[in-house]
Amino acid sequence: MEQYLNRFLETLASEKGYSDNTIAAYRNDLTQFVKFLRARPAGPVLEPADCTSNMLKDYLADMQGRGYASATVARKVAAVKSFFHFLSSQGLVTNDPSRGLESPKIEKRAPRILTHDEVARLLAAPTHASGPKALRDRALLELLYATGMRVTELVTLEVNDLDLDKGAITCRGKNGKQRIIPIRNETALTSLKEYLLRSRPGLIKEPGDPALFLNHRGQKLTRQGLWLIIKAYAEAAGIAADVTPHTLRHSFAKHLLG
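Residues numbered from 1 in each chain as written. Predicted model: local features only at pLDDT ≥ 70, side-chain atom pairs only at ≥ 80, totals over all residues. Heavy atoms only, no water.

**Q** Help me get a handle on the pattern of salt bridges, residues and values and all.
**A** Under the definition given, this model contains 11 salt bridges. Note that R75 and D29 form a salt bridge whose closest N and O atoms lie 2.9 Å from each other. Placement of R75 in helix α4 (residues 70-89) and of D29 in helix α2 (residues 20-38) is noted, with a sequence separation of 46 residues between them. Judged by relative accessible area, D29 falls into the buried class, the value being 4%. One salt bridge connects D29 with K76, and the closest N-O pair in it is separated by 2.8 Å. (Salt bridge = Lys/Arg side-chain N within 4 Å of Asp/Glu carboxyl O. Helix = DSSP H or I, 4+ residues; strand = E, 2+ residues; numbered from the N terminus. Buried < 20%, exposed > 50% of the residue type's maximum accessible area, 1.4 Å probe, protein only.)

Take a look at the structure:
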């Protein structure tokens, strides 16, 4: 089974250009599915061609019985369906057992939107500290809110992506696509200039490292690191609700529309 799984994941990377994080999520979900097939009381299933629609329904019922959230079950079912669709398209299975497999319905929640006051408190939180990290954090929070960038887009930024004279930044999105985003907020531009002048030189460990935002070890800031930074400042700003980079993205869009 692993050879088919590896072939599927390689296709996601080479032909669809999925990110490492997305491929890792597929790998985790499908590895769990493979383990379920191997541990079946009626006998292990080792080949995709031996899977039946009833086995997939049993897998769905098993996840629901373990108390998985509907969104989690839906994601894992989507991974299984993508896997078998790939196998079917490649002629590796004659019948797609996932055809007709239904995912649980997910209740869509409206995204949390910060008020203007909450945004102001969040952006001001790093100013209560000093040092390279505080300047970095002010710059990245200001940039996130000023542009509505995604997490992955921000942490993959390089110094050369910035054009402070024109007030713009080039970011790489999904599938390697690039777009230029104007930075119309003067405070964000000023924070970025201060970070580059007074903070980044104190964080960098390897001369010539292209990454724009660096962590305290001088390495490129990670998605997880960014989430922890935002969470810490949200708590410091007295914002009770959970605040994520996605929250800032939606708040940017809402406030932009007025």
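**Q** Now, about the sheet that holds strand β3 (residues 178-182): what can you tell me, with residues and values included?
**A** In sheet architecture, strand pairing relies on hydrogen bonds along the backbone and comes in two forms, parallel and antiparallel. Taking strand neighbours across the sheet as the criterion, the 3 strands line up as β1-β2-β3 in an open arrangement whose pairing is antiparallel. Looking at the sheet topology across the chains shown, the edges are occupied by β1 (162-163) and β3. Where strand β2 (residues 168-172) and β3 come together, 5 bridges link them in antiparallel fashion. Opposite I169, over in β3, you have I181 as the bridge partner. (Pairing = 2+ DSSP bridges.)

**Q** Explain the packing of helix α6 (residues 132-147) against helix α9 (residues 223-236) residue by residue, including any values.
**A** At their nearest, the axes of α6 and α9 sit 11 Å apart, and the two run at 95 degrees to each other. In terms of their interaxial angle, α6 and α9 are classed as roughly perpendicular. Along the contact surface, α6 presents A134, R136, D137, L140, L141 and L144, while α9 presents L226, I229, I230 and Y233. Its residues assigned to classes, the contact of α6 with α9 comprises 8 nonpolar, no polar and 2 charged. (Axes fitted to C-alpha atoms, helices over the stretch in contact; angles between N-to-C directions. Parallel < 35°, antiparallel > 145°, perpendicular 65-115°, else oblique. Contact = heavy atoms within 4.5 Å. Nonpolar A, V, L, I, M, F, W, Y, C, P; charged D, E, K, R; others polar.)

**Q** Could you give me a rundown of the nonpolar core, with the residues and numbers involved?
**A** By size, the foremost hydrophobic cluster in this structure holds 42 residues, and its most contacted members are L143, L154, L157, F213 and L226. Among the secondary structure elements, those contributing two or more residues to this core are α5 (116-124), α6, α7 (151-155), β2, α8 (186-203), α9 and α10 (245-256). It is α6 that provides the largest number of residues to this core, a total of 7 residues. Apart from the residues within four sequence positions on either side, L226 is in contact with L140, L144, V151, L154, V155, L221 and P245. (Core = buried A, V, L, I, M, F, W, Y, C linked by side-chain atoms within 4.5 Å.)

**Q** Any chance you could break down the packing of α6 against α8 for me, citing the residues and the numbers?
**A** Helix-helix packing: each pair is described by the crossing angle between the helix axes and the interaxial distance. Where α6 contacts α8, the two axes come as close as 8 Å, and the packing angle between them is 145 degrees. For the pair α6 and α8, the crossing hand works out as left-handed. In contact with P132, K133, L135, R136, R138, A139, E142, L143 and A146 of α6, α8 contributes T187, A188, S191, L192, E194, Y195, R198, S199 and L203. Its residues placed into classes, the contact of α6 with α8 shows 9 nonpolar, 3 polar and 6 charged. (Left-handed = near helix turned anticlockwise from the far one by under 90°.)

**Q** Residues and numbers for the pairing of β2, please.
**A** Sheet analysis places β1 next to β2, joined by 2 bridges and oriented antiparallel. Bridging from a neighbouring strand, L162 pairs with I169 of β2. Between β1 and β2, which follow one another and run antiparallel, lie 4 residues, and G167 among them has a positive phi close to 65 degrees.

**Q** Break down α4 for me, citing the residues and quoting the values.
**A** For α4, spanning 20 residues, the distance from its first C-alpha to its last is 28 Å, which sits close to the expected 28 Å at 1.5 Å a residue. The set of residues buried in α4 consists of V73, A74, K76, V77, A79, V80, F83, F84, F86 and L87. At the exit of α4 stands G91, carrying a positive phi of roughly 75 degrees. (Expected span 1.5 Å × (residues − 1).)

**Q** Describe empty space enclosed by the protein, naming the residues involved and giving the relevant values.
**A** The tally for this structure, following the rule as stated, stands at 1 cavity of 30 Å³ or more. Within this model, the largest cavity holds a volume of roughly 30 Å³. Lining of the largest cavity is provided by L56, Y59, L60, M63, V77, V80 and L101. Those elements giving two or more residues to the lining of the largest cavity turn out to be α3 (53-65) and α4. Broken down by element, the lining of the largest cavity gets its largest block of residues, 4 residues, from α3. Counted by class, the lining of the largest cavity contains 7 nonpolar, no polar and no charged residues. (1 Å grid on protein atoms, 1.4 Å probe; cavity = no way out; pocket = protein on both sides within 12 Å on 5 of 7 lines; lining within 4 Å. Points joined across faces, edges and corners; volume = space filled by probe spheres on them.)

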